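So the chains spell out like this:
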Amino acid sequence: MQTETKPKILNRLSRIEGQVRGIARMVEDDRYCVDLLTQLQAVRAALHRVETEVLKDHLDHCVMGAMTGDDPEDRKAKAGELIELLARTGR
């Protein structure tokens, strides 16, 4: 992961962690189901944004480095990883 991306990701994950703790408190306090569902959707959306940012960083840094590098095995490995990742996402 690139140096400038890591603190952003960690900050977002900390906020998501706080959101999840808040949802647990909502469950303990018997809050209205729709309010819980709204917060769960917000956490899912936040995780999706983190996933997108990590994928972008991986493409910009790791994959691009392999594709422009001199090692054909590294290029093949990175391409295979992406194919496998996309296949898992489609399930």
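As the structure is a computational prediction, the values presented were derived from the model and not from experiment.

Among the structural elements, V54 can be located in helix α2 (residues 33-68). Along the chain, V54 and R25 lie 29 residues apart, while their C-alpha atoms are 29 Å from each other. When sequence neighbours within four positions are dropped, the list of residues in contact with V54 reads M1 and I9.

With that settled, the discussion passes to the pattern of salt bridges. Under the definition given, this model contains 5 salt bridges. Residue D35 is joined to R31 by a salt bridge in which the shortest nitrogen-to-oxygen separation is 4.0 Å. For R31, a relative accessible area of 42% corresponds to the partly exposed category. R88 is the partner of E84 in a salt bridge, and the nearest nitrogen-oxygen pair spans 3.1 Å.

What follows covers the packing of α2 against helix α3 (residues 72-89). Interaxial distance between α2 and α3 falls to 8 Å at its minimum, and their mutual angle equals 150 degrees. Viewed along their axes, α2 and α3 adopt a mutual orientation that is roughly antiparallel. Taken as a pair, α2 and α3 cross one another with a handedness that is left-handed. On α3, the residues touching L55, H58, L59, C62, V63, A66 and M67 of α2 are D74, R75, K78, A79, E81, L82 and L85. Looking at the contact of α2 with α3 residue by residue, the class counts come to 9 nonpolar, 1 polar and 4 charged.

Rolled over the atoms, a probe with the dimensions of a water molecule shows which regions are left empty. Looking at the largest pocket, its volume works out to about 190 Å³. H48, E51, T52, V54, L55, H58, L85, L86 and T89 together form the lining of the largest pocket. Broken down by secondary-structure element, the contributors of at least two residues to the lining of the largest pocket are α2 and α3. Here the element with the most residues in the lining of the largest pocket is α2; it accounts for 6 residues.

The rules behind these values
Residues numbered from 1 in each chain as written. Predicted model: local features only at pLDDT ≥ 70, side-chain atom pairs only at ≥ 80, totals over all residues. Heavy atoms only, no water. Helix = DSSP H or I, 4+ residues; strand = E, 2+ residues; numbered from the N terminus. Contact = heavy atoms within 4.5 Å. Salt bridge = Lys/Arg side-chain N within 4 Å of Asp/Glu carboxyl O. Buried < 20%, exposed > 50% of the residue type's maximum accessible area, 1.4 Å probe, protein only. Axes fitted to C-alpha atoms, helices over the stretch in contact; angles between N-to-C directions. Parallel < 35°, antiparallel > 145°, perpendicular 65-115°, else oblique. Left-handed = near helix turned anticlockwise from the far one by under 90°. Nonpolar A, V, L, I, M, F, W, Y, C, P; charged D, E, K, R; others polar. 1 Å grid on protein atoms, 1.4 Å probe; cavity = no way out; pocket = protein on both sides within 12 Å on 5 of 7 lines; lining within 4 Å. Points joined across faces, edges and corners; volume = space filled by probe spheres on them.

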